[in-house]
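Structural description and commentary
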Protein chains: 2
Amino acid sequence: MKTQTILLASRPQGLPTAAQFQFETRELPAPAAGQVLLQTRYVSVDPYMRGRMNEGKSYIAPFQVGEPIAGGAVAEVIESQNEALPVGSVVVGNLPWQEFVLSDGKGLNRIPTDQAPVSYFLGLLGMPGLTAYFGLLDICQPKPGETVVVSGAAGAVGMVVGQLAKIQGARVIGTAGSAEKVAYLKQLGFDEAINYKTTPDMAQALAAAAPGGVDCYFDNVGGAITDAVYDLLNKHARIALCGQIASYNDTETPVGPRPETKLLKSSARLQGFIVGDYYSRWPEGVQQLTQWYRQGKLQAEETITEGFDQIPAAFLGLFKGENTGKALVKVS
Amino acid sequence: MKTQTILLASRPQGLPTAAQFQFETRELPAPAAGQVLLQTRYVSVDPYMRGRMNEGKSYIAPFQVGEPIAGGAVAEVIESQNEALPVGSVVVGNLPWQEFVLSDGKGLNRIPTDQAPVSYFLGLLGMPGLTAYFGLLDICQPKPGETVVVSGAAGAVGMVVGQLAKIQGARVIGTAGSAEKVAYLKQLGFDEAINYKTTPDMAQALAAAAPGGVDCYFDNVGGAITDAVYDLLNKHARIALCGQIASYNDTETPVGPRPETKLLKSSARLQGFIVGDYYSRWPEGVQQLTQWYRQGKLQAEETITEGFDQIPAAFLGLFKGENTGKALVKVS
C-alpha cells in the first residue's frame, strides 16, 4: 500500500510558505497484530500548528524537519488486526498528514456517526469546541448580563465561544476580519460584530460596543485588539488567553503597551491555557457540546478544502483569515 | 485646637516633587457628640498613593487638589464623645495627613497595644502585610519546594511575601535595589537575593537563581524584572500582580515585550489584585500574621522618619528606594 505524506521541508522564518512542505510517497506494510490501516477522511489545519514548526520549548514538541507533519484528523478503519477497532470504525486522533496511516490504535477515539457530521469532531465537538468550552465556562465564567468580547470570533474556537456565551445569557461582541464573517457572527446571534480590517479606530469601536465595559475576554488573536480590550475591563474581569495568531509569524518578540497596570487596576485575572490542561474533563465537554448541538443551541460552520494536495494551502490560508469557522481538508 | 495639614497643591507630571505638597494650619472644633479627637502617631507612606495623585478612574478615588492628602495612620484618642473609643484608645485607619484629626470613628479599627509595636499595624500586621498574605497564599498558593520570585522584596509588602513563602516551604528569590537590602533579605531567610541596580543582566541572574524555573511570581515592580521572570515560568505558574512601582511615574503608557505568548505557553495565571478585594477576610489575615509574628516566624523592618514636616520627603523617598521594609513617619 502506497501513501502520500507531507513532510516539514524546513523551518519557516516568519510567515510559512509552500516551500516548507514536501510531498513524498511512502510504502506502508499490511497491518500487523494489534494494528489497523486507516484511510484519512478529514485533516484539520489549526493555527497552533504554526508553533510546532519552530524549534524550541513550548507546550508541545516541535515537528522535526524531514518528518511528517501531524495534527487532528478523522479517519476510517479499512483493514484491522485490532478487535477494538473493526473495519468501518471512524476515529479521531492526532495523525500524520497522509492519505493512509498504519496505527496501533493508541490515542485514537472512536466517534459516533449518528450524532453529527463526523467532521464536527475536528471542530464544534472536537479540540476547538472543547477549547471554547473550557476557556469560556471554566476560566471566563460569564454571568447573565455580563459583556463578553471574543477576538477571532469567526474562527473555529471563536464561533463556539460566542454561542456558548449567549447560552450563558451574556452580551457578546466579536471581532473578525471580513464583512462576510461579521454577517456570519450576526447570524449566529452575536450582539455586536466588528470588522477589524475596515474599522479605523478599534479602541473607539470596542468602547462603543461595550458601553458598560468588558467582564470577560476570550483572546484568540492578541496585538492591538487585545490592547484596546484591556482599556475596557470591568472590576474582576476574566481573560482566557487562548491564542495569539497576530504574532505567530513574528520573527522578533512583539512589543506593545504593558498591560500590567490595567490588569492591576481592574483586579483582572488572565489565564493562559491549552485544551490539554482539561484533558481529564474532555468527555464531559464533548457530551455537553453534543447535547447543545442536538438541541439546536449550537451550530457550526466549516470551510472545507478538497484534496490531499491542498493541505498546505489550507494551512497557509489560516494566516490570511481565509476560513470562516473550522478549516478542514477533505481527503477522501 | 490648631493642626497642621498637608494638601495636594497640584497634580504631578511624572515624578512628584516637594512642590506638590502645601502645608496649612487649620482650626479644629471640639469633638461633638459621637466624635473623637485623634492625635496622629504614625503616618504610613505607600507607593499606591502615587496613583491617587493623578486624575481619572482607578481602583480608588483620586486626591483632590487643595484638599488634604490621606492615607494609613495610627492615632490615639485624646478627647472622646464616643463610648466605643475612649481616651487612650489606639486606632488604625485612613486619615488625612494632619497632626490632629476630628473623626466620627467610622472606618477606624482599634488595635491592641500588647501584641506588637502599634506601628506594625501599618506594616507587617496592616495593609502591606495583608496584601502579602492574600496575594501569596490566595493567588500564588506556593507548594513546598516550589520557586517563588518576589520583586521589590525589601519593601513593606515584599519582605512579608518572602517570609510567608518560606513558611510555606518554598524556595524564595528576591530582587531589591541596594547591597544593604540584599543583605537584609538574606538575613530574613531568602534563598537568593539579587541587586537589580548592580546586576548587568537580570535575565541571566534570575535564570541562574531559578534553575528549575519559576512557579510563583509576586510582582511589586513591573518593567524589565517582570519581563525576565516571564521567560522562566513553569507550567501552571501563578502571578500575583500587586504593584508596578517601576511605572507609577511614567507620563506615557510604558511599552515592553508582549507577555501573552509566554503566559499562554506556560498556562500561567496572572491575577491583578488590591488588598481591598479581600476586605471580608482581613480579620483572618491579621490573626494569622499576628500569630506567626508572636511565634517568631515573621519579623518586620521599618524605616521611620521623624516629624510631621518630613511626610512629603518620606513619600518621595519611596520612589528612590530609600526605605527598607515599611516606610513610616513618626508624628508624635
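Because the structure is predicted, anything quoted here is derived from the model rather than measured. (Residues numbered from 1 in each chain as written. Chains lettered and ligands numbered in written order. Predicted model: local features only at pLDDT ≥ 70, side-chain atom pairs only at ≥ 80, totals over all residues. Heavy atoms only, no water.)

Quick look at the overall build of chain A
When helices and strands are tallied, chain A shows 9 helices and 16 strands. Taking 332 residues into account, the globule formula puts the C-alpha radius of gyration at 20 Å, and chain A, at 20 Å, falls close to it. Considering only C-alpha atoms, chain A reaches an extent of 60 × 45 × 35 Å along its principal axes. With 332 residues in all, chain A has 57% of them scored as buried. Of the roughly 13200 Å² of accessible surface on chain A, 49% is carried by carbon and sulfur atoms. (Helix = DSSP H or I, 4+ residues; strand = E, 2+ residues; numbered from the N terminus. Rg over C-alpha atoms; globule rule 2.2 N^0.38 Å. Buried < 20%, exposed > 50% of the residue type's maximum accessible area, 1.4 Å probe, protein only. Areas by Shrake-Rupley, 256 points an atom, 1.4 Å probe, with all protein chains shown as cover.)

Things to note about the relation of the copies chain A and chain B
Its rotation angle being 180 degrees, the transformation that places chain A on chain B also includes 0.0 Å of axial translation and leaves an RMSD of 0.0 Å. In symmetry terms, the pair is related by a two-fold rotation axis. Looking at the rotation axis and the C-alpha trace of chain A, the residue lying nearest is L270(A), at 2.5 Å. (Least-squares fit on C-alpha atoms with pLDDT ≥ 70 in both.)

Observations concerning the sheet that holds strand β10 (residues 192–195) of chain A
Spatial strand order, β10(A)-β9(A)-β8(A)-β11(A)-β12(A)-β14(A)-β14(B)-β12(B)-β11(B)-β8(B)-β9(B)-β10(B): 12 strands in an open sheet with mixed pairing. For this open sheet the edge positions go to β10 of chain A together with β10 (192–195) of chain B, each flanked by a neighbour on one side alone. The sheet shows a mean angle of 15 degrees between the axes of neighbouring strands, direction not considered. (Pairing = 2+ DSSP bridges. Axes fitted to C-alpha atoms, helices over the stretch in contact; angles between N-to-C directions.)

Topic: the pairing of strand β16 (residues 326–330) of chain B
All names here are of chain B. Of all 5 residues that make up β16, 4 are buried, and the element is covered over most of its length. As defined by bridge partners, strand β3 (residues 36–44) adjoins β16 across 3 bridges and the pair is classed as antiparallel. Across the sheet, Y42 pairs through a bridge with K330, a residue of β16. The pairing of strand β15 (residues 302–306) with β16 spans 5 bridges and is classified as parallel.

Observations concerning the environment of Q141(B)
Residues and elements named next belong to chain B. Relative to the helices and strands, Q141 is located in the loop between α2 (127–140) and β8 (147–150). Accessibility expressed as a relative area gives 44% for Q141, which makes it partly exposed. Along the chain, Q141 and P86 lie 55 residues apart, while their C-alpha atoms are 41 Å from each other. In this view, Q141 contacts L136, E146 and R238; residues no more than four positions away in its chain are not counted. A distance of 2.9 Å separates the side chain of Q141 from the backbone oxygen of D138, its partner in a polar contact. (Contact = heavy atoms within 4.5 Å. Polar contact = N/O pair within 3.5 Å; in protein donor to acceptor, adjacent residues only side chain to side chain.)

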